[in-house]
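The lines below spell out each chain.
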Amino acid sequence: ADCATAALLWRRDPRMGWLWALLPLPAVESAANGHLEAAGALLVVLALGGSDVAAWLGAMLKLLPGVLLLRSRPRTWLLYGALSAAAFAPMLHSGLTRGFATYEANWSFNAGVYSTFAWLLGDGLLARRLLLGFGGLIVVTAVLNLRDRARLALWTFGSFVVLSPTVHPWYVLWPLVAALWLGVRAWVWFAALV
């Protein structure tokens, strides 16, 4: 998946393909640590190239790429929304919602913005909810104003990384792949430092 992502990015801009191939973060977090973000990044690149199926499959791995379907015709995203609901319906009674509640209330790691808000407010749950609302506002604004899938991906994925209470290194691969597609180097530096 990493090699295919590098090749597709290289086809768009050889420098960006080489950056994906040479940065340690993609290789370490996918090949060495076995995270699914390598497959997700490949699906995002295919979705940025126009594939709705890739956007949906990416959303089935992690929810983030699902926002790219909103750049499709309403009939398309309604179809994939129905398929996703059918796929996840059996899990609703399996304790999945308890898992999300536990994640929302307790998990925190490596989060600069969240940690600052939690400290200032003296309430981690309030900080989580405020940042979730702010992130939702950013995504809605991006969906309404950005026509380019890559820019929508960068704003959505970047907001997730910046505002999340839990920021594992492999989360940075999501905005990194969109940034490379667009040639935005700030995320490349951030990924290199991660």
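Check the entry above for the structure.
What you are looking at is a predicted structure, and each value in this text was computed from that prediction instead of being measured.

(A) Here's a closer look at the packing of aromatic side chains. Applying the stated criterion to the full structure yields 5 aromatic pairs. For the ring pair Phe157 and Trp174, a centre distance of 5.8 Å and an interplane angle of 75° mean the geometry is edge-to-face. Here Phe157, found in helix 10 (residues 149–163), pairs with Trp174, found in helix 11 (residues 173–182); they are 17 residues apart in sequence, far enough to count as distant. For Trp174, a relative accessible area of 2% corresponds to the buried category. By the ring-pair criterion, three or more aromatic residues cluster together here, those being Phe160, Trp170 and Tyr171.

(B) Region of the structure containing the pattern of salt bridges. Scanning all chains against the criterion turns up 3 salt bridges. For the salt bridge of Asp13 with Arg15, the shortest nitrogen-to-oxygen distance reads 3.1 Å. By relative accessible area, Asp13 is classed as buried at 18%. Ionic pairing is found between Asp52 and Arg149, a salt bridge with its closest N-O pair at 2.3 Å. Placement of Asp52 in helix 5 (residues 52–61) and of Arg149 in helix 10 is noted, with a sequence separation of 97 residues between them. Residue classification places Arg149 among the buried positions, given a relative accessible area of 10%.

(C) Examining the environment of Ser84 more closely. Topologically, Ser84 is positioned in helix 6 (residues 74–88). A relative accessible area of 17% places Ser84 in the buried class. When the C-alpha atoms of Ser84 and Trp56 are compared, they prove to be 8.4 Å apart, with 28 residues separating the residues in sequence. When residues no more than four places from it in sequence are discounted, the contact partners of Ser84 are Trp56 and Met60. A polar contact is formed between the side chain of Ser84 and the backbone oxygen of Tyr80, at a distance of 2.9 Å.

(D) Layout of the layout of surface pockets. The computed volume of the second largest pocket comes to approximately 220 Å³. Every residue lining the second largest pocket is listed: Trp56, Ala59, Leu63, Gly66, Leu69, Leu70, Trp77, Tyr80, Gly81, Ser84, Ala85 and Phe88. Going through the elements one at a time, helix 5 and helix 6 are the ones with two or more residues in the lining of the second largest pocket. Residue contributions to the lining of the second largest pocket peak at 6 residues, all from helix 6.

Reading guide: rules and limits
- Residues numbered from 1 in each chain as written.
- Predicted model: local features only at pLDDT ≥ 70, side-chain atom pairs only at ≥ 80, totals over all residues.
- Heavy atoms only, no water.
- Phe/Tyr/Trp six-rings, centres within 6.5 Å; stacked < 30°, edge-to-face > 60°.
- Helix = DSSP H or I, 4+ residues; strand = E, 2+ residues; numbered from the N terminus.
- Buried < 20%, exposed > 50% of the residue type's maximum accessible area, 1.4 Å probe, protein only.
- Salt bridge = Lys/Arg side-chain N within 4 Å of Asp/Glu carboxyl O.
- Contact = heavy atoms within 4.5 Å.
- Polar contact = N/O pair within 3.5 Å; in protein donor to acceptor, adjacent residues only side chain to side chain.
- 1 Å grid on protein atoms, 1.4 Å probe; cavity = no way out; pocket = protein on both sides within 12 Å on 5 of 7 lines; lining within 4 Å.
- Points joined across faces, edges and corners; volume = space filled by probe spheres on them.

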